[in-house]
Structures are given as structure tokens and as C-alpha cells.
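Structural description and commentary
For reference, the chains in residue letters:
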Amino acid sequence: MTTALSEPVQRVRAGWITLLFLANLGLWLAIYAPIQVLLPQQAELLDAANKELVFGIVTGAGGVVALVVNPLAGLLSDRTTSRFGRRHPWTISGAVVGAVGLVVLALAGNVVVMVLGWCLVQVGLNAMLATLISAIPDRVPVDQRAQTGGFVGISQMFGTVLGAVLVTSIVTGLVAGYLACAVVVLLGGVVFVLFTPDTVLPKELVRKTKLDLWISPREHPAFAWMWGCHFMVNLGNALGTFYLLFFLKDAVKREDPEGSLLILMAGYGIALVIGALVAGKLSDTSGRRKPYVLVAAAFMAAAALVLVIWPTWIASLIAGPLLGAGFGIYWAVALALLTQLLPAAADRAKDLGVVNIANSLPQVFAPLVAPGILAGLGYAGLFGASALATVIAGFLLTRIKSAI
């Protein structure tokens, strides 16, 4: 069997992990800076009276595109036999298409062009995401995957924070903000592709199968249970974080809710980094995955329950680091576990693309159900739902019979 489909055994160096981290950092920055700052500003500029509706249409269309493109791009990269490798052509093409979409957004003078631009961004960056994530099972041995996954999780958190800083403090204005994001994501993609290896897949080893995104739960039950666990964890996190600003303003009655949210984000981020690095190291050393994921689920459920029982500023200061530590532990170890449960080496990127649906779908689902929960049960109900989703995630994990 060619090395393109073999389980990697040689440990990757710190330089490779750093380049993967930077490429992911650029990708998440280019996604979250628009979502947090630029797209809302542009929606208000184009139609102030209907800014919420415009923002919802733009992000909703992009979310649908992301759900389709991620596994499809992964599937196509699994069958790519380019002399430049099977992942790198998609990584760099995705970065270019994403950057073009950001330029379209910078020039958009109406909502239709804005939707087109954001959909292009989602096409490019989800193709890039599919191949960057698949680099872990492609290149990283099992006993190093949780540590590497921890850095991938940290890159998402840093991308969120640095993206907001970039487009609010370093550059100003919509055009400059979008162009800065385009430059960052291009640089990350180009440097990763130029300075890391990518194995060529011989044409005779390309699977002669139809382009099928379906993974049978009957044939691969462990993967199906872990997919469900991943979905519920991300749903719990979305329910627990999407309305934090309004919670601080309306329930906790903070005079400066935005500043208070930044304090919580700082505690969350520090705990996430520590949790990811420590759990990644311990999990790789022991070879165990499931116990750490269960601990992560317990931390995240506890964070939500603290706010159910004690909806105060002090409780928020406790819940923020608890949630961050839990999510950091989860991202490090769950990604490693998922790569060990992939059905086939020939379909790594496609199958991880299916996993990424479990990341994206809660971002669409949570805003649909949260208003109803808030209307009927208030913030106690919302945080209770967050805790319940995370507990269900832990239960689904126990259904995996593997001793990992």
C-alpha cells in the first residue's frame, strides 16, 4: 500500500504543527471577522431598517453552502492524483476562492452581491478546511494526534479573537477589513502548501466508486455514535454562548455588557488553551480518548448548570473558564478519536467533511430553537438545554464499544 493510504508512523515536527496552526488561524480569522463585525456592519449600511433580516439571509445562505461543500471537497480531494499531491491543490485553491469572495464582499453594493460574495467565501474556506483537517490523519501518528488537535482547537479560538481585533483596531472600514482578511487567509494557505509535504496518490489506487457522501451507521456504528456526540457538544456550546451578551445585559444587568463579555472571553480562552494542551499531552501519552471526552462533557455541562442555578456575574466568571477548559479538552481529544474511527483511509477527507457537518449544523439549528426556549423558559431554560445537550453527548459516547 502506498504511503498516501497508510497510517502515518513518523512523528511530525514542531515546524509542521506551527504551519498547520497558522493556516487554520488564517482560515478561522477570515470566517469569524466577517461574521462578528464586517457582515453586520455591511447589512446595516445596505439596509438599516432590515439589517437583522439581511444578516440572516447572508449567513444562512453561506451556512447551507458550507454543509454541502465541506464533505464534497473532501471527497474530491480523496480522489485527486495531481503531481502536487491530493490535498495541497484544494488547500491553495480554497484559499484563493475564499480571498476572491472577500474581495467581492468588499465591493458589494447590494444584498445580492453580498450573498454571492459570502457564498464564495464559504465555498473556498470549507474546501480549505476539509483538506487542512485531513492533514492530521494523513500525516500525524495516532500517539501525537490529540496534541495536534489541541493546536487546531486553539487556532479557532485565536482566529475568533484576532479577527475582531484586526478589523476593529488594526484596520478600519469595510473594504480594508475584507481585504486584510483576504491577505491573511492567502498567506496562511500559501505558506502551508509551500513548506509542508503532500503525498501523491497513484491513479491506480483511486477508488472506483460513485461520489457518495453517505456513511452507513449500521456498518460503522462507532463513527455514527461519535458523530452524534460531536453534534450534541457543538449544539450545547452554541446554545450556551450565542446569547451571552444579551444574558449579561438583561439577566445579570451589567452596566457594560460588551466589556464584561470580553472579560469572559479572556477567561474562556486561557482555560481553553490550558485544557487543550494538557489533555492532548495526557491523552496521547496514555493512548486513551473516551475518558477525556467524558471529562470535557462534564465540565461543559457544569458550566451551563452554574448559570441555571446562579445567574450572576460571579457565576459567569466561574462558568466561562469551566466551559473553556471543557471545550479545549474536547477539541483536542475528540478530533484524535474521530480520526481513529474513520471508516476508510481512502475517504479520510470526505469522512472528516461529514464530521464537519456536525460542527456547522448546530450554528444553524441553535438560533432557530433558542428564541422559543427563551420565550418559554428564560435563560435558565436556555442554559439548561445547553447542559442537557452536553449530557446527551456524553451518553452517546458511552455507546462506542471501542476501548480507546
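Note that the structure is predicted; figures quoted are calculated from it, not measured.

Quick notes on the rules
Residues numbered from 1 in each chain as written. Predicted model: local features only at pLDDT ≥ 70, side-chain atom pairs only at ≥ 80, totals over all residues. Heavy atoms only, no water. Helix = DSSP H or I, 4+ residues; strand = E, 2+ residues; numbered from the N terminus. Rg over C-alpha atoms; globule rule 2.2 N^0.38 Å. Buried < 20%, exposed > 50% of the residue type's maximum accessible area, 1.4 Å probe, protein only. Contact = heavy atoms within 4.5 Å. Areas by Shrake-Rupley, 256 points an atom, 1.4 Å probe, with all protein chains shown as cover. Salt bridge = Lys/Arg side-chain N within 4 Å of Asp/Glu carboxyl O. Core = buried A, V, L, I, M, F, W, Y, C linked by side-chain atoms within 4.5 Å. Axes fitted to C-alpha atoms, helices over the stretch in contact; angles between N-to-C directions. Parallel < 35°, antiparallel > 145°, perpendicular 65-115°, else oblique. Left-handed = near helix turned anticlockwise from the far one by under 90°. Nonpolar A, V, L, I, M, F, W, Y, C, P; charged D, E, K, R; others polar. Expected span 1.5 Å × (residues − 1). Bend = angle between axes of the 7 residues up to and from the residue. pLDDT = per-residue confidence, 0-100. Polar contact = N/O pair within 3.5 Å; in protein donor to acceptor, adjacent residues only side chain to side chain. Phe/Tyr/Trp six-rings, centres within 6.5 Å; stacked < 30°, edge-to-face > 60°. Lys NZ or Arg CZ within 6 Å of the ring centre and 35° of its normal.

Attention now goes to the overall build of the chain. What the chain contains, in helices and strands, is twelve helices and zero strands. Scanning the chain from its N terminus toward the C terminus, one meets helices and strands in the order α-α-α-α-α-α-α-α-α-α-α-α. Scaling as 2.2 N^0.38, a compact globule of 404 residues should have a C-alpha radius of gyration of about 22 Å, and the chain matches this with 20 Å. Taking all 404 residues of the chain together, the buried fraction comes to 53%. In the chain, once contacts between residues fewer than 6 apart in sequence are set aside, the share between residues at least 24 apart is 85%. Of the roughly 17,000 Å² that the chain leaves accessible, carbon and sulfur atoms contribute 71%.

For the rest of this paragraph, the subject is the pattern of salt bridges. If you walk through the whole model with that rule in mind, you get twelve salt bridges. Measuring nitrogen to oxygen at the nearest pair gives 3.8 Å for the salt bridge that ties glutamate 7 to arginine 348. With glutamate 7 in the segment before helix H1 (14-46) and arginine 348 in helix H12 (residues 348-398), this residue pair connects regions lying 341 residues apart in the sequence. The exposure class assigned to glutamate 7 is partly exposed, which follows from its relative accessible area of 46%. A salt bridge links aspartate 284 to arginine 289, with the shortest nitrogen-to-oxygen separation between them at 2.9 Å. Residue aspartate 284 is classed as buried on the basis of its relative accessible area of 7%. Assessed through its relative accessible area of 1%, arginine 289 is described here as buried. One network of salt bridges, with partners in common, ties together Glu7, Asp78, Arg86, Arg87, Asp138, Arg145 and Arg348.

Before going further, it helps to spend a moment on the nonpolar core. Membership of the largest hydrophobic core comes to 115 residues, with the highest contact counts inside it found for Met226, Cys229 and Tyr330. For this core, the element with the highest residue contribution is H1, accounting for 17 residues. Ignoring anything within four residues of it in the chain, the contact list for cysteine 229 reads Val293, Tyr330, Ala393, Leu396 and Leu397.

Moving on, we get to the environment of valine 115. Inspection of the secondary structure puts valine 115 in helix H4 (residues 111-139). Separated by 30 residues in the primary sequence, valine 115 and arginine 145 have C-alpha atoms spaced 37 Å apart. When near neighbours in sequence (up to four residues on either side) are disregarded, valine 115 contacts Ile57, Val58 and Ala61.

Once that is clear, we can look at the packing of H1 against helix H2 (residues 51-78). Contact geometry for H1 and H2: axes closest at 8 Å, N-to-C directions at 125°. When the axes of H1 and H2 are compared, the pair comes out oblique. Seen along the crossing, H1 lies across H2 with a hand that is right-handed. Facing H1, whose interface residues are Ile35, Leu39, Pro40, Ala43 and Glu44, H2 presents Lys51, Val54, Phe55, Val58 and Thr59. Split into classes, the residues belonging to the contact of H1 with H2 amount to seven nonpolar, one polar and two charged.

So, on to H2. End to end, H2 covers 40 Å across 28 residues, agreeing with the expected 40 Å (1.5 Å per residue, within 8%). Of all bends in H2, the biggest is about 25°, found at valine 69, and the proline proline 71 comes one to four residues later.

When pLDDT is averaged along the chain, the result is 89; 97% of the residues meet or exceed 70. For the chain, helix H8 (residues 244-251) is the element with the lowest average pLDDT, namely 83, and helix H3 (residues 88-107) is the one with the highest, namely 97.

Position of threonine 59 relative to the elements: it lies in helix H2. Given a relative accessible area of 23%, threonine 59 falls into the partly exposed group. Measuring from C-alpha to C-alpha, the distance between threonine 59 and tyrosine 330 comes to 26 Å, with 271 residues separating the pair along the chain. Setting aside residues no more than four positions away along its own chain, threonine 59 makes contact with Leu39 and Trp118.

For serine 134, the position within the fold is in helix H4. A relative accessible area of 0% places serine 134 in the buried class. For serine 134, the side chain forms a polar contact with the side chain of arginine 87, separated by 3.4 Å. If we ignore the near neighbours within four places in the chain, the residues touching serine 134 are Arg87, Ala349 and Leu352.

Summed over all chains, the structure comprises seven aromatic pairs. Taken together, Phe247, Tyr379 and Phe383 form an aromatic cluster joined through their ring pairs. The ring of tryptophan 313 is capped by arginine 254, whose NZ or CZ atom sits 4.0 Å from the centre of that ring.

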